[in-house]
Amino acid sequence: MTFKDLAKPWVAGLGVYEPGRPIEEVARELGFKDAEAIIKLASNENALGPSPKAVLAMKKAARQMHLYPDGGAFYLVQALAKRLRVSQDQIIVGCGSNELLEFIGHVFLQKGTSIVMADRAFVVYKLIAAMFQAETIAVPMIDYRHDLNAMLKAIRPDTRAVFVANPNNPTGTMVAGAEIDAFMRRVPDHVVVVFDEAYVELLPVDRQPDVLRYVREGRKVVVMRTFSKTYGLAGLRIGYGVAPAECIQLMHRIRQPFNTTAMGQVAAVAALDDDVHVERTRAMMRDGLAFLQDAFASLGLSYVPSSANFVLVQVGQGRRVFEALQREGVIVRPMDPYGMPAHIRITVGTKAENRRCLAALKKVLGRTKAGG
Ligand SMILES: Cc1ncc(COP(=O)(O)O)c(C=O)c1O
């Protein structure tokens, strides 16, 4: 008997998520003596680093790390409830929003159920569905955007969740408030609509669709957000979900008692209050995105105009360009796992990182035309 013989039969066939490669791993593999010579623009992290307020709070909290965290994350939930104008029983905190996606699986998915998602939306949705033996109905995007009408039509009686990543990773595209409204008016009552807003705080407030109001109205909606992107805390693994209290209670039943760390909670509370860092991050993203997109245009590379801190650009043989860039000390993300082998996805970095990435890209593509 092998472990595989003992395992649940579908586990060995599950897809594996290919994350952005860590700097140290690439340095080891390619023989870079100095890991600092490498830049990572592969996981949509915040190039400005963590919120300074969060760093200060973590330093203070370090001496208390012998104690277990508050599993309910009281102070973080309290701060979020106040900021988002929802009640505390409408919030749950998770080990990144990835864990919250898994909670959806634990609570709603099993064999004989299905999920609806866009075919080029965040790949974790279908990995989670497979983990719980649910079927994935992947609906083609139009111009790299969610086609909410087609997604509505794709909903079946066995569908339990519809995922809308807004802005979406890896396309960087958004659906607007009016489109969401029309979708929400028609969506049947037997599905949970998951709005994954991992990047939403990067946008000016007037460009953020108000989906939290569906939670306040008691609709079957879960809104997911994270401290990994705008707040620069990806290493701490902390995110949250907002949903009607009945849904949150079900999620609490399947969550581990200490699913988030004390350090993560303390840092998140401080980061939430760090408006200066959020503004600086938004400005960096706006300027960096304009720089990269202008450069791609002048190089004649087609790209998808982005509303997030990354951009999808067509480079020919994506994986080969990714590998060649890596040898230049620039880590980006190949897009073949998303069915886009001609594309790579580049995270917006600091000014210096963006320039370095562009120079490397030009070199790799063997082009000399100016691009900024
Ligand atoms: C659309 C989307 N959702 C969720 C996540 C997960 O983020 P985290 O688990 O770090 O909160 C990501 C991360 O890249 C993402 O792009």
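All residue numbers refer to positions counted from 1 along the written sequence of the respective chain. Residues qualify for local features only when their pLDDT is at least 70, as the model is predicted, and side-chain atom pairs are given and counted only at 80 or more; totals for whole chains, interfaces and linings, by contrast, use all residues. Each side-chain value is derived from all of the structure's non-hydrogen atoms; neither hydrogens nor water enter the calculation.

**Focus: a nonpolar patch on the surface**
Convention followed: Surface patches are drawn from residues lacking salt bridges whose relative accessible area is over 30%; two like charges belong together within 9 Å, two nonpolar side chains (Val, Leu, Ile, Met, Phe, Trp, Tyr) within 5 Å. Areas reported as accessible are Shrake-Rupley estimates using a 1.4 Å probe. Residue values count occlusion only from the protein chains shown. Just to be clear on terms, a salt bridge is a Lys or Arg side-chain nitrogen sitting within 4 Å of an Asp or Glu carboxyl oxygen. Helix and strand definitions here come from DSSP, where helices need a minimum of 4 consecutive H or I residues and strands a minimum of 2 consecutive E residues; each element is numbered from the N-terminal end.
Residues Met1, Phe3 and Leu6 make up a contiguous nonpolar surface patch of about 500 Å² in total accessible area. Within the fold, Met1 resides in the segment before α1 (3-6).

**Here's the deal with the nonpolar core**
In plain terms, the rule: Residues enter a nonpolar core if they are buried and are Ala, Val, Leu, Ile, Met, Phe, Trp, Tyr or Cys, with the set joined through side-chain atoms within 4.5 Å. Note on classification: 1.4 Å probe, protein chains only; a residue is buried when its accessible area is under 20% of the maximum for its type, exposed when over 50%, partly exposed between these limits. Where each domain begins and ends is defined by an automated method or by a domain database. Any two residues having at least one pair of non-hydrogen atoms within 4.5 Å are treated as being in contact.
Residues Ile104, Tyr125, Phe163, Met184, Phe195 and Phe227 are the most contacted members of the largest nonpolar core, which totals 85 residues. Lining this core are residues from two domains, each supplying at least three of them: domain 1 (3-49 + 276-365) and domain 2 (52-272). With near-sequence residues (within four places) excluded, Tyr125 lies in contact with Leu101, Ile115, Met117, Phe163, Ala165 and Asp196. Leu41, Phe296, Leu299 and Val332 belong to the second largest nonpolar core, which has 30 residues in total.

**Comments concerning the site of the ligand**
To be explicit about the condition: For each residue, the test is whether any non-hydrogen atom lies within 4 Å of the molecule or strand; if one does, the residue is near. The definition of a polar contact used here is a pair of N or O atoms within 3.5 Å, where within protein one atom must be able to donate a hydrogen and the other to accept one, and adjacent residues in sequence count solely through side-chain atom pairs. A cavity here means a set of 1 Å grid points, computed over protein atoms only, where a 1.4 Å probe fits but cannot escape. A pocket is an open set with protein on both sides within 12 Å along at least 5 of 7 lines, and lining residues have an atom within 4 Å of a point. Being in a pocket or cavity means that more than half of the molecule's atoms lie within 2 Å of its grid points. Polar here means any residue other than Ala, Val, Leu, Ile, Met, Phe, Trp, Tyr, Cys and Pro, which are nonpolar, and Asp, Glu, Lys and Arg, which are charged; Gly is therefore polar.
Taken together, Gly96, Ser97, Asn98, Phe122, Asn169, Asp196, Ala198, Tyr199, Thr226, Ser228, Lys229 and Arg237 make up all the residues around the ligand. A distance of 2.7 Å is found between an oxygen atom of the ligand and a side-chain nitrogen or oxygen belonging to Tyr199. Within the side chain of Thr226, an N or O atom sits 2.5 Å from an oxygen atom of the ligand. Taken by itself the ligand offers 400 Å² of open surface, and the protein chains cover 94% of this. Cavity membership is defined here by more than half of the atoms lying within 2 Å of grid points; on that basis the ligand lies in the largest pocket. For the shell around the ligand, the leading source of residues is helix α5 (residues 96-108), giving three residues. Looking at the shell around the ligand residue by residue, the class counts come to three nonpolar, six polar and three charged.

**Description of the pairing of strand β6 (residues 192-196)**
On a regular strand, each side chain points to the face opposite its neighbour's, so the side chains alternate between the two faces of the sheet. How we decide: For crossovers, right-handed means that the path from the first strand over the helix to the second runs clockwise, given strands pointing away from the viewer. Pairs of strands are assigned from DSSP output, requiring at least two bridges between the strands.
Across the five residues of β6, five count as buried, placing the element largely inside the fold. One crossover worth recording links strand β5 (residues 159-165) to the parallel β6 by way of helix α8 (residues 177-186), and it is right-handed. Taken together, the four bridges between β6 and strand β7 (residues 221-226) define a ladder with parallel strand orientation. Within β7, the position partnered with Val193 by the bridge is Val221.

**Overview of the packing of aromatic side chains**
Using the following cut-off: In summary, the pairing rule links any two rings of Phe, Tyr or Trp, Trp by its six-membered ring, whose centres are within 6.5 Å, and it sorts them by plane angle into stacked for under 30 degrees, edge-to-face for over 60 and tilted for everything else. Here, over-ring charges are defined by two tests on the NZ atom of lysine or the CZ atom of arginine: distance to the ring centre within 6 Å, and angle to the ring normal within 35 degrees.
Here the structure, examined in full by the defined rule, presents 10 aromatic pairs. Judged by centre distance (6.3 Å) and plane angle (20°), the ring pair of Phe195 and Tyr214 falls under stacked. Separated by 19 residues along the polypeptide, Phe195 in strand β6 and Tyr214 in helix α9 (residues 212-216) bring together distant segments of the chain. Looking at Phe195, the relative accessible area reads 1%, which means it is buried. What makes Tyr214 buried here is its relative accessible area of 3%. Geometrically, the ring pair formed by Phe227 and Tyr240 is tilted, given 5.8 Å between the ring centres and 50° between the ring planes. Of the two residues, Phe227 is situated in the loop between β7 and β8 (239-242) and Tyr240 in strand β8; the sequence distance between them amounts to 13 residues. Within the aromatic cluster, the residues linked to one another by ring pairs are Tyr17, Phe122, Tyr125 and Phe163. Across the ring face of Phe310, the terminal group of Arg345 is positioned such that the distance to the ring centre comes to 5.6 Å.

**Considering the domain arrangement of the chain**
Many structure descriptions define interface size as the accessible area lost when the parts assemble. Put simply, the rule is: Buried area: the accessible area, evaluated with a 1.4 Å probe, that two parts lose upon being put together, summed over both parts.
The domain architecture assigned to the chain consists of domain 1 (3-49 + 276-365) and domain 2 (52-272). Computed from C-alpha coordinates alone, the two centres of domain 1 and domain 2 are separated by 23 Å. Buried surface at the junction of domain 1 and domain 2, both sides included, amounts to about 2,500 Å², of which 63% is carbon and sulfur. The largest share of the area that domain 1 buries against domain 2 comes from Arg282, Ser307 and Tyr338, three residues that together contribute 25% of it. Counting across the interface, domain 1 meets domain 2 through zero salt bridges.

**Re the side chain of Glu99**
Here is the rule: By the counting scheme adopted, Arg and Lys are positive, Glu and Asp are negative, and His together with the chain ends is not counted.
Secondary-structure assignment places Glu99 in helix α5. Buried charged residue Glu99 carries no salt bridge. Nearest counter-charge: Arg255, at 7.4 Å. Beyond its immediate stretch of four places on either side in the chain, Glu99 contacts Gly94 and Asn259.

**Thoughts on the sheet that holds β8**
Heads up, the condition is: To obtain an axis, a line is fitted to C-alpha atoms, over the contacting stretch when the element is a helix, and the angle between two such axes runs from 0 to 180 degrees between their N-to-C directions.
The strand order across the open sheet formed by seven strands is β2-β8-β7-β6-β5-β3-β4, and the pairing between neighbours is mixed. Strands with a single pairing partner mark the edges of an open sheet, and in this sheet they are β2 (91-94) and β4 (135-139). Adjacent strand axes in the sheet meet at a mean angle of 20°, parallel and antiparallel pairs treated alike. Relative to β7, α5 is tilted by about 155°, and along the sheet it contacts β2, β5, β6, β7 and β8. Contacting β5, β6 and β7, α8 crosses the sheet at an angle of about 165° to β6.

**Concerning the pattern of salt bridges**
Side chains that differ in charge, positive against negative, can pair when their charged atoms come close. Under the defined criterion, the tally for this structure stands at 16 salt bridges. Notably, a salt bridge pairs Arg156 with Glu135, separated by 3.0 Å at the nearest N-O pair. Here Glu135 lies in strand β4 and Arg156 lies in the loop between α7 (148-154) and β5, a separation of 21 residues in the sequence. The network of salt bridges with shared partners includes Glu18, Arg319 and Asp336.

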